[in-house]
Amino acid sequence: MQQFNNISVNGMWKKILILGCTLGLLLIFLISCQPSPEVKPEPEPEPPEPTPPPAPKGLTLKSYHRSMSQQMEESYQKADEIMVGIFEASHRDPERGLIYYFKDVIPFNKETLSWESPISAVVQVRPGECKPEIIKRRGFKNLIDLDKVGICWDFYEGKRDIYMVGGKKNLIFVNQVIDETQIKSYRTLIDTYPVTEKCQAKAVFDWMIRNNLLK
């Protein structure tokens, strides 16, 4: 009799264990079938508002400065890059043609409307729409004393004479050109202005950004 009772109790516990396992498996199955909670993507942060360059100090805007700013605005719209750099030299490469070399280049960011950190590498630019007359640093002072309006900005017979000063900072507008045949890219010159005490091209450019593009 005692043995029969033990068998009955053991059988009952086995049934309870089987039932518990079945219920556990059923619960796991139901949980796994539940749809995953919807994950809402975080909203993308809005781009920061452009911060224009500060108002140039010591700029007395003359009529030729205003003409410069108008032409700068046109060149700005066409340019892929704007930068200020010291014109070091030019060299005619047998394959690539004439190349201008600039050092201590400071790029202008068209998205943030601000000047960036200088580039340590020498930047190479080829003539494009613009083929400036190169003035050596010694000759520039004599020319600017004679005709600062003509050197900085002037139209003669419907054409503007464009100058690039050796050993001095120059404001340049360039385009990126992709050569698909050689899988290379290079820069071409659109426009340039001397950044000197008389011409003040960078100050005029900063004024143009603040007054012409942010209206």
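Bear in mind the structure is a predicted one, so any value in this text is a computation, not a measurement. (Residues numbered from 1 in each chain as written. Predicted model: local features only at pLDDT ≥ 70, side-chain atom pairs only at ≥ 80, totals over all residues. Heavy atoms only, no water.)

Peer 1: Could you clarify how one ought to interpret the state of the cysteines in this entry?
Peer 2: By definition, a disulfide links the sulfur atoms of two cysteines through a covalent bond. Using the criterion set out here, one finds 1 disulfide in the structure. A disulfide bridge connects Cys152 with Cys199, and the sulfur atoms are separated by 2.0 Å. Measuring handedness by torsion sign, the sulfur bridge of Cys152 and Cys199 sits at about -85° and is left-handed. Within this pair, whereas Cys152 is found in helix α3 (residues 137-152), its partner Cys199 is found in the loop between β10 (184-194) and α4 (201-213), the two being separated by 47 residues in sequence. The class of Cys199 is buried, set by a relative accessible area of 0%. (Disulfide = S-S within 2.5 Å. Helix = DSSP H or I, 4+ residues; strand = E, 2+ residues; numbered from the N terminus. Buried < 20%, exposed > 50% of the residue type's maximum accessible area, 1.4 Å probe, protein only.)

Peer 1: When you look at the pairing of strand β4 (residues 123-127) in this model, what are you seeing that I'm missing?
Peer 2: For a regular strand, side-chain orientation follows a simple rule: the groups alternate between the two sheet faces. By the bridge criterion, 3 bridges tie strand β2 (residues 97-109) to β4 in an arrangement that is antiparallel. By the bridge assignment for β4, Tyr101 is matched with Gln124. Relative to β10, β4 runs parallel, the two being bridged by 3 bridges. Bridging from a neighbouring strand, Pro127 pairs with Leu189 of β10. (Pairing = 2+ DSSP bridges.)

Peer 1: Where do I start with the nonpolar core in this structure?
Peer 2: Side chains of nonpolar character tend, in soluble globular proteins, to be buried together. With 31 residues, the main nonpolar core has Met68, Met72, Tyr76, Leu171, Phe173 and Phe205 as its most contacted residues. Listed by contribution, the elements that provide at least two residues to this core are α2 (63-78), β1 (81-93), α3, β8 (163-165), β9 (169-179), β10 and α4. In this view, Phe205 contacts Met72, Tyr76, Ile82, Phe108, Trp115, Leu171 and Phe173; residues no more than four positions away in its chain are not counted. With 13 residues, the next largest nonpolar core counts Tyr100, Val105, Cys130 and Ile162 among its residues. (Core = buried A, V, L, I, M, F, W, Y, C linked by side-chain atoms within 4.5 Å. Contact = heavy atoms within 4.5 Å.)

Peer 1: Any chance you could explain the layout of surface pockets here in plain terms?
Peer 2: Space left empty within the atom packing is revealed by a probe, the size of a water molecule, rolled over the atoms. A volume near 320 Å³ is recorded for the largest pocket. Looking at the largest pocket, it is lined by 14 residues, and the ones nearest its centre are Arg96, Arg126, Lys184, Ser185 and Tyr186. Among the secondary structure elements, those contributing two or more residues to the lining of the largest pocket are β4, β9 and β10. Ranked by the residues each element gives to the lining of the largest pocket, the list is headed by β10, at 4 residues. Along the lines of polarity and charge, the residues of the lining of the largest pocket split into 3 nonpolar, 4 polar and 7 charged. (1 Å grid on protein atoms, 1.4 Å probe; cavity = no way out; pocket = protein on both sides within 12 Å on 5 of 7 lines; lining within 4 Å. Points joined across faces, edges and corners; volume = space filled by probe spheres on them. Nonpolar A, V, L, I, M, F, W, Y, C, P; charged D, E, K, R; others polar.)

Peer 1: Before we go on, may I ask you to explain the packing of α2 against α4 in this structure?
Peer 2: Helix packing geometry: the angle between the two helix axes and the distance between the axes. Where α2 contacts α4, the axes come no closer than 9 Å and their chain directions differ by 70°. In terms of orientation, α2 and α4 fall into the roughly perpendicular class. Taken together, the residues of α4 that come into contact with α2 (itself represented by His65, Arg66, Met68, Ser69, Met72, Glu73, Tyr76 and Gln77) are Ala201, Val204, Phe205, Trp207, Met208, Ile209, Asn212 and Leu213. Here the contact of α2 with α4 is built from residues that sort into 10 nonpolar, 4 polar and 2 charged. (Axes fitted to C-alpha atoms, helices over the stretch in contact; angles between N-to-C directions. Parallel < 35°, antiparallel > 145°, perpendicular 65-115°, else oblique.)

Peer 1: Before we go on, may I ask you to explain α2 in this structure?
Peer 2: Each full turn of the α-helix corresponds to 3.6 residues, which orients residues three or four apart in the same direction. Over its 16 residues, α2 runs 24 Å from end to end, which matches the ideal 22 Å to within 8%, given 1.5 Å per residue. Tyr64, His65, Met68, Ser69, Gln71, Met72, Ser75 and Tyr76 are the residues of α2 that are buried. (Expected span 1.5 Å × (residues − 1).)

Peer 1: In this structure, what is going on with the side chain of Ser75? I would like to understand it.
Peer 2: Note that Ser75 resides in helix α2. On the basis of relative accessibility, which here comes to 1%, the residue Ser75 falls in the buried class. What Ser75 contacts, discounting residues up to four positions off in sequence, is Phe173, Ile190 and Asp191.

Peer 1: I would appreciate a short explanation of unusual backbone geometry in the present structure.
Peer 2: We note that Leu113 has phi near 55°; this positive angle belongs to a residue other than glycine. With respect to the helices, strands and loops of the structure, Leu113 is situated in the loop between β2 and β3 (114-115). The residue Gln200 is not glycine, and still its phi comes out positive at about 55°. Inspection of the secondary structure assignment puts Gln200 in the loop between β10 and α4.

Peer 1: Which parts of the structure should I look at to understand the pattern of salt bridges?
Peer 2: Pairing between side chains of opposite charge can happen when their charged atoms approach one another. Throughout the structure, instances matching the rule amount to 6 salt bridges. Its salt-bridge partner being Glu129, residue Lys78 comes within 3.2 Å of it at the nearest N-O pair. Highlighted residues: Lys78 in helix α2 and Glu129 in the loop between β4 and β5 (133-135), separated in sequence by 51 residues. When its relative accessible area of 41% is taken as the criterion, Lys78 is described as partly exposed. Judged by relative accessible area, Glu129 falls into the exposed class, the value being 56%. In this structure, Lys202 and Asp206 form a salt bridge, with 3.3 Å as the shortest nitrogen-oxygen distance. Placement of the pair is Lys202 and Asp206 together in helix α4, with a separation of 4 residues, close to one helical turn. Residue classification places Asp206 among the buried residues on the basis of a relative accessible area of 5%. (Salt bridge = Lys/Arg side-chain N within 4 Å of Asp/Glu carboxyl O.)

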